[in-house]
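Results of the structural survey
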Amino acid sequence: FQYEHQAMATYFQLVIAFEEENYALSVAEQVFRLIDETEQRLSRFIPDSEISRINRLKAGDQLLLDVETWEVMKQAFYAQQLSKGAFDIGVARHMDIFRATKQGILTEYEMQNALQRVQEDKSKCVFYLDPDQPLIICGEPGMQFDLGGIGKGFVLDLVKSKLAELEVANFSLSAGDSTLLLGNEVEKKAHWPYPIASKFEQRIVKLSNCSISASGTYYQGKHIFDPRTGDNDLEAPYQLVWVCAKTAVLSDAFSTAAFMLTPEEMQACIDESDDILWMAYATQGKLHFVGKEDLN
């Protein structure tokens, strides 16, 4: 049974297998309600969301957080550390500048000057996220957070926990075309097939109880910038990147961060994290795989 729902500026598609239709519909309704509730807390475009409240903190301010907000912030900071800064949620002001330029509000020259200013402010900014309790403290303001690079993955992981609670084990849930979460009981469904293709190659990988995310310049053009430098003129070495992980948070975060990583740096991240299974990238029309997981 297949269901669709619009939220977080994309379409979620849920497929449930091996369940009665009435129960599957009830599960879908609960899943989509959970997605909507989480968006209200995590979207910076909702004025009273917790992320918006964090973004308004001044020097010395502190804010008690909901457990879910605390968890997604911790996971975002972990992804930033693991990627050596290639993934970063402190780029809301950068994204606003890109959006204004795309809309014709800023010229290319104005955009570059604005990016330089916000990058300088960001370098001076200090936030402390308490690892032991849901608390964030602003030491020095200067940047704002945007969970667009990890929020959908975090929501998918929340849904995974909800589905486990509802005893639904065989499912697929996608957030647009970018991130896919898969669950299966191997005795009922051995795997989910997933196609990976470059200009000259295609491969069907067999996925089981994991998440996969994809990002690229092949179809979308140049849309990736390096948060470590604020440079939006990145010449990405890959046309497409895929990241397979045990959690949707990490697959979502690294599907963009991987564009800033060499294959050796990809392998180092995989070696350091038990949750990243493998990465793949397309360059010059060919597919290349990095990782420790048997894909057959």
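Residues numbered from 1 in each chain as written. Predicted model: local features only at pLDDT ≥ 70, side-chain atom pairs only at ≥ 80, totals over all residues. Heavy atoms only, no water.

Thoughts on helix H1 (residues 21–42)
Given 3.6 residues per helical turn, the α-helix brings residues three or four places apart onto the same face. Selection criterion: Runs of H or I in DSSP of at least four residues are treated as helices and runs of E of at least two as strands, each being numbered from the N terminus. Multiply 1.5 Å by the residue count of a helix minus one, and that product is the helix's expected span. Remark: exposure states derive from per-residue accessible area (1.4 Å probe, protein chains only) relative to the maximum for the residue type, with buried under 20%, exposed over 50%, and partly exposed in between.
Along its 22 residues, H1 runs 31 Å from first to last C-alpha, staying within 8% of the 32 Å computed at 1.5 Å per residue. Considered for burial, the residues of H1 that qualify are Ala24, Val27, Ala28, Gln30, Val31, Phe32, Leu34, Ile35, Thr38, Glu39 and Leu42.

A closer look at the sheet that holds strand S3 (residues 62–64)
In sheet architecture, strand pairing relies on hydrogen bonds along the backbone and comes in two forms, parallel and antiparallel. Heads up, the condition is: Strand pairing is assigned whenever DSSP detects at least two bridges linking the two strands. All axes are obtained by fitting lines to C-alpha atoms, using only the stretch in contact for helices, and the reported angles, taken between N-to-C directions, cover 0 to 180 degrees.
Strands sit in the order S3-S5-S4 across an open sheet of 3 strands; the sheet is antiparallel. Whereas interior strands pair on both sides, the edge strands pair on one side only; in this sheet they are S3 and strand S4 (126–129). Direction aside, neighbouring strands of the sheet carry axes that sit 15 degrees apart on average. Across 3 bridges, the pairing between S3 and strand S5 (residues 135–140) is antiparallel. By the bridge assignment, Leu63 is partnered in S5 with Ile136.

As for the pattern of salt bridges
Opposite charge on two side chains allows them to pair when their charged atoms are near. Basically, it comes down to this: Any Lys or Arg side-chain nitrogen found within 4 Å of a carboxyl oxygen on Asp or Glu counts as a salt bridge.
Considering all chains together, one arrives at 12 salt bridges under this definition. For Asp96, the salt bridge identified is with Arg99, shortest N-O distance 3.1 Å. Residue Asp96 and its partner Arg99 are both found in helix H4 (residues 92–102); the two are separated by 3 residues, about one turn of the helix. Its relative accessible area of 31% is what places Asp96 among the partly exposed residues. Under the relative-accessibility criterion, Arg99 is labelled partly exposed at 34%. Measuring nitrogen to oxygen at the nearest pair gives 3.6 Å for the salt bridge that ties Lys188 to Glu185. Salt bridges linked by common partners bring Arg44, Asp96, Arg99 and Asp146 together as one network.

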